[in-house]
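Geometric and topological summary
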Amino acid sequence: MIKFEDVAENFKFVLVRPEGIHNSWNSKYCCGYSLEKEIDDIGFFKRIIRDLDVSLDFISKEMTFGVGWSNGGYMVTYAASLFRGIAPIAGYQYNADLVSLAGNKSTSIFQHHSSNDPFVRFDGCCTEPGHQSCCCGISQAGAGTCTSVTTEWESWAANVNHCAGPTIVRDDFDFDGVTCYYGSSCESNTNSTLCVYDNAGHFNRPSFTNGFPMFDEVGHFFAQDACSLNKGQWSRAEKTCICDDLSESLFCSGQGEDLAASSRSMPSPRIADHHDDLSAPAASTTKLIVASLVAGVAIFIYVRTKLTRRRGSKKHRNEWNELSTSDPNELEMHQIT
(Lines give C-alpha, C1' and ligand atoms only; values in the text may rest on other atoms or scores of the structure.)
Protein backbone atom coordinates (compact mmCIF):
# COMPACT_ATOMS: atom_id res chain seq x y z
CA MET A 1 0.00 0.00 0.00
CA ILE A 2 3.06 2.26 0.16
CA LYS A 3 2.66 3.38 -3.43
CA PHE A 4 -0.63 5.09 -2.57
CA GLU A 5 1.45 7.80 -0.89
CA ASP A 6 2.45 8.97 -4.38
CA VAL A 7 -1.18 8.79 -5.48
CA ALA A 8 -2.27 10.95 -2.56
CA GLU A 9 0.42 13.50 -3.33
CA ASN A 10 -0.40 13.63 -7.04
CA PHE A 11 -4.17 13.87 -6.60
CA LYS A 12 -4.22 16.16 -3.53
CA PHE A 13 -5.70 13.67 -1.11
CA VAL A 14 -5.01 13.25 2.56
CA LEU A 15 -3.94 9.63 3.02
CA VAL A 16 -4.40 7.52 6.14
CA ARG A 17 -3.11 3.95 6.21
CA PRO A 18 -4.39 2.34 9.42
CA GLU A 19 -2.77 -0.77 10.86
CA GLY A 20 -4.86 -3.80 11.84
CA ILE A 21 -4.04 -5.82 14.94
CA HIS A 22 -1.69 -8.69 14.03
CA ASN A 23 -1.90 -7.74 10.35
CA SER A 24 -5.60 -8.53 10.13
CA TRP A 25 -9.04 -6.95 9.81
CA ASN A 26 -12.37 -8.21 11.09
CA SER A 27 -14.38 -8.15 7.87
CA LYS A 28 -16.99 -10.90 8.32
CA TYR A 29 -15.29 -13.69 6.35
CA CYS A 30 -11.68 -12.60 6.67
CA CYS A 31 -9.38 -12.75 8.55
CA GLY A 32 -7.08 -13.87 11.31
CA TYR A 33 -6.77 -12.50 14.82
CA SER A 34 -9.15 -9.58 14.36
CA LEU A 35 -11.88 -11.85 13.01
CA GLU A 36 -11.32 -14.45 15.72
CA LYS A 37 -11.39 -11.87 18.51
CA GLU A 38 -14.23 -9.88 16.93
CA ILE A 39 -12.23 -6.65 16.91
CA ASP A 40 -14.38 -3.63 16.08
CA ASP A 41 -12.43 -2.43 13.06
CA ILE A 42 -15.36 -0.49 11.65
CA GLY A 43 -15.44 1.42 14.92
CA PHE A 44 -11.70 2.03 14.54
CA PHE A 45 -12.25 3.51 11.07
CA LYS A 46 -15.08 5.67 12.37
CA ARG A 47 -12.82 7.12 15.06
CA ILE A 48 -10.06 7.91 12.55
CA ILE A 49 -12.45 9.67 10.19
CA ARG A 50 -14.16 11.55 13.00
CA ASP A 51 -10.86 12.71 14.47
CA LEU A 52 -9.58 14.02 11.15
CA ASP A 53 -12.90 15.71 10.40
CA VAL A 54 -12.84 17.53 13.74
CA SER A 55 -9.12 18.32 13.81
CA LEU A 56 -8.50 19.52 10.25
CA ASP A 57 -10.72 22.24 8.86
CA PHE A 58 -9.92 21.38 5.23
CA ILE A 59 -11.23 17.82 5.59
CA SER A 60 -14.81 16.64 5.22
CA LYS A 61 -15.86 13.16 6.32
CA GLU A 62 -18.40 13.14 3.49
CA MET A 63 -15.49 13.09 1.05
CA THR A 64 -13.82 9.95 2.35
CA PHE A 65 -12.82 7.02 0.10
CA GLY A 66 -11.42 3.60 0.91
CA VAL A 67 -9.10 1.28 -1.00
CA GLY A 68 -8.01 -2.12 0.27
CA TRP A 69 -6.13 -5.15 -0.96
CA SER A 70 -6.77 -8.79 0.05
CA ASN A 71 -8.10 -8.73 3.63
CA GLY A 72 -8.27 -4.98 3.09
CA GLY A 73 -10.52 -5.50 0.06
CA TYR A 74 -12.94 -7.38 2.28
CA MET A 75 -12.65 -4.60 4.86
CA VAL A 76 -13.38 -1.54 2.71
CA THR A 77 -16.41 -3.31 1.26
CA TYR A 78 -17.57 -4.28 4.76
CA ALA A 79 -17.13 -0.66 5.91
CA ALA A 80 -18.60 0.88 2.75
CA SER A 81 -21.12 2.88 4.78
CA LEU A 82 -18.22 5.12 5.88
CA PHE A 83 -17.06 5.97 2.37
CA ARG A 84 -18.26 7.93 -0.62
CA GLY A 85 -16.46 5.44 -2.87
CA ILE A 86 -14.39 2.27 -2.50
CA ALA A 87 -11.80 0.32 -4.48
CA PRO A 88 -11.64 -3.30 -3.27
CA ILE A 89 -8.71 -5.27 -4.72
CA ALA A 90 -8.66 -9.09 -4.51
CA GLY A 91 -11.25 -9.19 -1.74
CA TYR A 92 -14.97 -8.43 -1.55
CA GLN A 93 -18.18 -9.03 0.41
CA TYR A 94 -20.71 -11.59 -0.79
CA ASN A 95 -23.95 -13.16 0.41
CA ALA A 96 -24.67 -9.88 2.14
CA ASP A 97 -27.22 -7.10 2.11
CA LEU A 98 -25.09 -4.77 0.01
CA VAL A 99 -27.52 -1.87 0.35
CA SER A 100 -27.12 -1.98 4.13
CA LEU A 101 -23.34 -2.37 3.86
CA ALA A 102 -23.25 0.82 1.83
CA GLY A 103 -25.32 2.65 4.45
CA ASN A 104 -28.43 2.85 2.25
CA LYS A 105 -26.69 5.33 -0.02
CA SER A 106 -25.12 5.22 -3.45
CA THR A 107 -21.42 4.36 -3.18
CA SER A 108 -19.05 4.32 -6.15
CA ILE A 109 -17.05 1.12 -6.57
CA PHE A 110 -13.85 0.42 -8.52
CA GLN A 111 -13.33 -3.32 -8.10
CA HIS A 112 -10.25 -5.29 -9.20
CA HIS A 113 -9.89 -9.06 -9.32
CA SER A 114 -7.92 -11.60 -11.31
CA SER A 115 -9.64 -14.61 -12.82
CA ASN A 116 -6.75 -16.83 -11.63
CA ASP A 117 -6.55 -15.56 -8.04
CA PRO A 118 -5.58 -18.64 -5.97
CA PHE A 119 -6.30 -17.03 -2.59
CA VAL A 120 -9.70 -15.41 -3.14
CA ARG A 121 -11.27 -17.33 -6.03
CA PHE A 122 -12.95 -15.36 -8.78
CA ASP A 123 -15.90 -17.76 -8.65
CA GLY A 124 -16.29 -17.15 -4.94
CA CYS A 125 -15.30 -18.62 -1.57
CA CYS A 126 -17.62 -21.23 -0.11
CA THR A 127 -17.98 -24.90 0.83
CA GLU A 128 -20.00 -25.78 -2.26
CA PRO A 129 -18.91 -29.16 -3.70
CA GLY A 130 -16.85 -28.89 -6.86
CA HIS A 131 -15.43 -25.45 -6.07
CA GLN A 132 -11.79 -24.90 -5.23
CA SER A 133 -11.25 -23.58 -1.73
CA CYS A 134 -9.97 -20.11 -0.99
CA CYS A 135 -7.01 -19.65 1.31
CA CYS A 136 -6.80 -19.14 5.01
CA GLY A 137 -10.16 -20.67 6.00
CA ILE A 138 -12.18 -18.06 4.09
CA SER A 139 -14.28 -20.74 2.38
CA GLN A 140 -15.12 -22.35 5.71
CA ALA A 141 -16.13 -18.98 7.14
CA GLY A 142 -18.39 -18.27 4.17
CA ALA A 143 -21.62 -19.63 2.86
CA GLY A 144 -22.48 -22.98 1.33
CA THR A 145 -22.99 -21.46 -2.10
CA CYS A 146 -20.37 -19.43 -3.95
CA THR A 147 -21.03 -15.94 -5.29
CA SER A 148 -18.66 -14.82 -8.03
CA VAL A 149 -16.94 -11.46 -8.32
CA THR A 150 -19.02 -10.62 -11.39
CA THR A 151 -22.32 -11.51 -9.73
CA GLU A 152 -21.58 -9.44 -6.64
CA TRP A 153 -20.37 -6.45 -8.65
CA GLU A 154 -23.47 -6.56 -10.84
CA SER A 155 -25.59 -6.62 -7.68
CA TRP A 156 -23.71 -3.59 -6.32
CA ALA A 157 -24.20 -1.68 -9.57
CA ALA A 158 -27.91 -2.50 -9.76
CA ASN A 159 -28.98 -2.36 -6.12
CA VAL A 160 -26.58 0.10 -4.46
CA ASN A 161 -25.93 2.52 -7.33
CA HIS A 162 -29.13 1.84 -9.27
CA CYS A 163 -27.41 1.62 -12.64
CA ALA A 164 -30.31 1.35 -15.03
CA GLY A 165 -28.40 1.01 -18.29
CA PRO A 166 -26.48 -1.91 -19.78
CA THR A 167 -23.01 -3.02 -18.67
CA ILE A 168 -20.44 -1.54 -21.06
CA VAL A 169 -16.84 -2.49 -21.74
CA ARG A 170 -14.55 0.47 -20.97
CA ASP A 171 -12.09 1.36 -23.70
CA ASP A 172 -10.20 4.10 -21.84
CA PHE A 173 -7.83 1.79 -19.94
CA ASP A 174 -4.77 0.60 -21.82
CA PHE A 175 -3.54 -2.38 -19.82
CA ASP A 176 -2.68 -5.75 -21.36
CA GLY A 177 -4.71 -8.65 -20.04
CA VAL A 178 -7.30 -6.45 -18.33
CA THR A 179 -10.94 -5.96 -19.28
CA CYS A 180 -12.94 -3.33 -17.43
CA TYR A 181 -16.71 -2.96 -17.30
CA TYR A 182 -18.94 -0.21 -15.99
CA GLY A 183 -22.59 0.13 -15.22
CA SER A 184 -24.30 2.90 -17.15
CA SER A 185 -27.00 5.39 -16.12
CA CYS A 186 -26.18 5.12 -12.42
CA GLU A 187 -27.79 7.19 -9.67
CA SER A 188 -26.24 10.36 -8.23
CA ASN A 189 -23.31 10.40 -10.67
CA THR A 190 -21.89 7.28 -9.05
CA ASN A 191 -19.46 5.07 -10.93
CA SER A 192 -19.56 1.27 -10.86
CA THR A 193 -16.48 -0.23 -12.51
CA LEU A 194 -15.09 -3.77 -12.44
CA CYS A 195 -11.66 -4.64 -13.87
CA VAL A 196 -11.00 -8.34 -14.52
CA TYR A 197 -7.38 -9.42 -14.96
CA ASP A 198 -6.41 -12.52 -16.92
CA ASN A 199 -3.26 -13.55 -15.10
CA ALA A 200 -2.51 -11.28 -12.13
CA GLY A 201 -3.06 -13.84 -9.39
CA HIS A 202 -3.47 -12.14 -6.03
CA PHE A 203 -1.48 -9.06 -7.15
CA ASN A 204 1.29 -10.15 -4.79
CA ARG A 205 3.97 -11.37 -7.19
CA PRO A 206 6.62 -10.15 -6.85
CA SER A 207 4.85 -7.71 -4.51
CA PHE A 208 1.63 -5.72 -4.37
CA THR A 209 3.57 -2.59 -5.28
CA ASN A 210 4.77 -4.24 -8.49
CA GLY A 211 1.86 -6.61 -9.06
CA PHE A 212 -0.99 -4.09 -9.17
CA PRO A 213 -0.89 -1.79 -12.23
CA MET A 214 -3.66 0.73 -11.55
CA PHE A 215 -2.54 2.89 -8.64
CA ASP A 216 -3.00 6.10 -10.64
CA GLU A 217 -6.35 4.89 -11.97
CA VAL A 218 -7.60 4.56 -8.39
CA GLY A 219 -6.56 8.16 -7.82
CA HIS A 220 -8.39 9.31 -10.95
CA PHE A 221 -11.48 7.33 -9.93
CA PHE A 222 -11.73 8.88 -6.46
CA ALA A 223 -10.85 12.39 -7.64
CA GLN A 224 -13.41 12.28 -10.45
CA ASP A 225 -16.06 11.13 -8.00
CA ALA A 226 -15.21 13.94 -5.57
CA CYS A 227 -15.21 16.44 -8.42
CA SER A 228 -18.68 15.33 -9.52
CA LEU A 229 -20.15 16.29 -6.14
CA ASN A 230 -20.13 19.91 -7.25
CA LYS A 231 -20.95 19.05 -10.87
CA GLY A 232 -17.36 19.65 -11.87
CA GLN A 233 -15.52 18.13 -14.81
CA TRP A 234 -12.43 16.08 -14.02
CA SER A 235 -9.43 16.70 -16.29
CA ARG A 236 -7.30 13.55 -16.44
CA ALA A 237 -4.47 15.35 -18.21
CA GLU A 238 -4.23 18.16 -15.64
CA LYS A 239 -5.47 16.12 -12.65
CA THR A 240 -7.74 19.03 -11.87
CA CYS A 241 -11.42 19.50 -11.09
CA ILE A 242 -12.89 22.28 -13.22
CA CYS A 243 -16.14 23.94 -12.11
CA ASP A 244 -18.17 26.83 -13.48
CA ASP A 245 -18.27 28.78 -10.22
CA LEU A 246 -15.08 28.37 -8.17
CA SER A 247 -16.43 30.48 -5.32
CA GLU A 248 -19.14 27.94 -4.58
CA SER A 249 -17.27 24.74 -5.40
CA LEU A 250 -14.94 23.39 -2.74
CA PHE A 251 -13.06 20.82 -4.82
CA CYS A 252 -12.30 22.76 -7.96
CA SER A 253 -9.40 24.27 -9.89
CA GLY A 254 -7.83 27.25 -8.14
CA GLN A 255 -7.91 25.81 -4.64
CA GLY A 256 -5.74 22.73 -5.09
CA GLU A 257 -2.43 24.49 -4.39
CA ASP A 258 -3.68 26.05 -1.17
CA LEU A 259 -5.04 22.74 0.06
CA ALA A 260 -1.86 20.88 -0.85
CA ALA A 261 0.14 23.49 1.05
CA SER A 262 -2.11 23.00 4.07
CA SER A 263 -1.46 19.24 4.02
CA ARG A 264 2.31 19.76 3.73
CA SER A 265 2.24 21.95 6.83
CA MET A 266 0.83 19.17 8.98
CA PRO A 267 3.01 17.45 11.63
CA SER A 268 5.24 14.52 10.74
CA PRO A 269 3.60 11.11 10.18
CA ARG A 270 3.21 8.76 13.10
CA ILE A 271 1.71 5.36 13.71
CA ALA A 272 -1.84 4.99 14.91
CA ASP A 273 -3.31 1.77 16.18
CA HIS A 274 -6.29 0.52 18.17
CA HIS A 275 -4.64 1.66 21.42
CA ASP A 276 -4.59 5.33 20.42
CA ASP A 277 -7.13 7.72 21.86
CA LEU A 278 -8.35 9.17 18.62
CA SER A 279 -10.73 11.53 20.39
CA ALA A 280 -7.76 13.39 21.91
CA PRO A 281 -6.39 16.63 20.42
CA ALA A 282 -4.82 16.42 17.00
CA ALA A 283 -1.27 16.72 18.35
CA SER A 284 -1.50 13.22 19.81
CA THR A 285 -3.69 11.50 17.27
CA THR A 286 -3.61 10.25 13.71
CA LYS A 287 -1.63 12.35 11.28
CA LEU A 288 -2.00 12.40 7.52
CA ILE A 289 0.00 9.25 6.83
CA VAL A 290 -0.05 6.22 9.10
CA ALA A 291 1.95 3.00 8.84
CA SER A 292 0.28 0.18 6.99
CA LEU A 293 0.07 -3.58 7.10
CA VAL A 294 0.73 -5.84 4.13
CA ALA A 295 -2.81 -6.81 3.14
CA GLY A 296 -3.90 -3.35 4.01
CA VAL A 297 -6.36 -0.54 3.79
CA ALA A 298 -5.77 3.04 2.71
CA ILE A 299 -8.36 5.66 3.54
CA PHE A 300 -8.30 8.62 1.14
CA ILE A 301 -9.91 11.88 2.17
CA TYR A 302 -10.26 14.35 -0.68
CA VAL A 303 -9.20 17.93 -0.02
CA ARG A 304 -8.82 19.51 -2.28
CA THR A 305 -5.48 -8.43 5.78
CA LYS A 306 -6.64 -13.08 5.98
CA LEU A 307 -6.31 -16.01 8.46
CA THR A 308 -9.20 -18.16 9.77
CA ARG A 309 -11.66 -18.58 12.57
CA ARG A 310 -10.20 -22.04 13.23
CA ARG A 311 -7.57 -21.32 15.85
CA GLY A 312 -5.62 -24.53 15.48
CA SER A 313 -5.18 -24.61 11.72
CA LYS A 314 -1.45 -24.68 10.97
CA LYS A 315 -2.21 -25.01 7.25
CA HIS A 316 -4.16 -21.75 7.23
CA ARG A 317 -1.51 -19.96 9.28
CA ASN A 318 1.13 -21.03 6.78
CA GLU A 319 -1.01 -19.78 3.90
CA TRP A 320 -1.37 -16.40 5.59
CA ASN A 321 2.35 -16.24 6.39
CA GLU A 322 3.19 -16.90 2.74
CA LEU A 323 0.84 -14.15 1.60
CA SER A 324 1.84 -11.64 4.25
CA THR A 325 5.55 -11.89 3.43
CA SER A 326 5.04 -11.26 -0.27
CA ASP A 327 6.14 -7.63 -0.12
CA PRO A 328 9.38 -7.12 1.86
CA ASN A 329 9.24 -3.35 1.40
CA GLU A 330 5.86 -3.15 3.10
CA LEU A 331 6.95 -5.57 5.82
CA GLU A 332 9.90 -3.29 6.51
CA MET A 333 7.42 -0.42 6.89
CA HIS A 334 5.41 -2.50 9.34
CA GLN A 335 8.42 -3.58 11.38
CA ILE A 336 9.29 -0.05 12.38
CA THR A 337 6.31 -0.19 14.72
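Residues numbered from 1 in each chain as written. Predicted model: local features only at pLDDT ≥ 70, side-chain atom pairs only at ≥ 80, totals over all residues. Heavy atoms only, no water.

**Some remarks on the state of the cysteines**
The tally for this structure, following the rule as stated, stands at seven disulfides. A sulfur-sulfur separation of 1.9 Å characterises the disulfide bridge that pairs Cys-125 with Cys-134. Residues Cys-125 and Cys-134 are joined by a disulfide whose S-S torsion is about -90 degrees; by sign, that bridge is left-handed. For Cys-125, a relative accessible area of 1% translates into the label buried. Covalent S-S linkage joins Cys-227 and Cys-241, the inter-sulfur distance amounting to 2.1 Å. Every disulfide takes its handedness from the sign of the S-S torsion; for Cys-227 and Cys-241 that torsion is 80 degrees, giving right-handed. With Cys-227 in helix H9 (residues 215-228) and Cys-241 in strand S9 (residues 240-242), this pair connects stretches of sequence that are 14 residues apart. (Disulfide = S-S within 2.5 Å. Buried < 20%, exposed > 50% of the residue type's maximum accessible area, 1.4 Å probe, protein only. Helix = DSSP H or I, 4+ residues; strand = E, 2+ residues; numbered from the N terminus.)

**Some remarks on the packing of helix H1 (residues 4-11) against H9**
Relative placement of two packed helices is described by the angle separating their axes and the distance separating the axes. Taken N-terminus to C-terminus, the directions of H1 and H9 make an angle of 40 degrees; their axes are 9 Å apart at the nearest point. Looking at the two axes, H1 sits oblique to H9. Crossing angle aside, the handedness with which H1 passes H9 is right-handed. For the pair H1 and H9, the contacting residues are Phe-4, Val-7, Asn-10 and Phe-11 in the first and Phe-215, Asp-216, Val-218, Gly-219, His-220 and Ala-223 in the second. Of the residues assigned to the contact of H1 with H9, the class counts are six nonpolar, three polar and one charged. (Axes fitted to C-alpha atoms, helices over the stretch in contact; angles between N-to-C directions. Parallel < 35°, antiparallel > 145°, perpendicular 65-115°, else oblique. Left-handed = near helix turned anticlockwise from the far one by under 90°. Contact = heavy atoms within 4.5 Å. Nonpolar A, V, L, I, M, F, W, Y, C, P; charged D, E, K, R; others polar.)

**Topic: the nonpolar core**
Burial of nonpolar side chains together is a common tendency in soluble globular proteins. Membership of the largest hydrophobic core comes to 43 residues, with the highest contact counts inside it found for Phe-45, Tyr-74, Phe-83, Ile-138 and Trp-156. Of all the secondary structure elements, the ones that give two or more residues to this core are strand S1 (13-16), helix H3 (41-55), helix H4 (71-78), helix H5 (98-101), helix H7 (149-160) and strand S7 (192-197). If one sorts the elements of this core by residue count, H3 sits on top with five residues. The next biggest cluster of nonpolar side chains, apart from the first, holds 34 residues, and it includes Ala-87, Ile-89, Phe-110 and Phe-212. (Core = buried A, V, L, I, M, F, W, Y, C linked by side-chain atoms within 4.5 Å.)

**Description of the confidence of the model for the protein**
Averaged over all residues, the pLDDT of the protein is 77; the fraction at 70 or higher stands at 73%. Across residues 303-321, confidence stays below pLDDT 50; counting only partners more than four residues off in sequence or on other chains, it has 67 contacts. (pLDDT = per-residue confidence, 0-100.)

**A short note on the packing of aromatic side chains**
Tallied over the full model, the rule gives 19 aromatic pairs. Consider the rings of Phe-13 and Phe-222, whose centres lie 6.5 Å apart with planes at 75 degrees: the pair is edge-to-face. Taken together, the positions of Phe-13 in strand S1 and Phe-222 in helix H9 put the pair 209 residues apart, joining distant regions of the chain. A single burial state applies to Phe-13 and to Phe-222, both of which are buried. Pairing Phe-110 with Phe-173 gives two aromatic rings, centres 6.0 Å apart and planes at 40 degrees, and the pair type is tilted. (Phe/Tyr/Trp six-rings, centres within 6.5 Å; stacked < 30°, edge-to-face > 60°.)

**Some remarks on the side chain of Ser-24**
Here Ser-24 is to be found in the loop between S1 and helix H2 (32-36). In terms of polar contacts, Ser-24 uses its side chain to reach the backbone carbonyl oxygen of Ile-21, at 2.7 Å. Within polar-contact distance, the side chain of Ser-24 engages the side chain of Ser-34 at 2.9 Å. (Polar contact = N/O pair within 3.5 Å; in protein donor to acceptor, adjacent residues only side chain to side chain.)

**As for the pairing of strand S4 (residues 108-114)**
In terms of burial, S4 is a largely internal element, seven of the seven residues being buried. The two faces of S4 match: Ser-108, Phe-110, His-112 and Ser-114 on one face and Ile-109, Gln-111 and His-113 on the other face are all buried. In this sheet, S4 lies alongside strand S3 (residues 85-89) in parallel orientation, the contact comprising three bridges. Of the residues in S4, the one forming a bridge with Ile-89 is His-112. Bridge count between S4 and S7: six bridges; the pairing is parallel. Each bridged residue has a counterpart across the sheet, and for Phe-110 the counterpart in S7 is Thr-193. (Pairing = 2+ DSSP bridges.)

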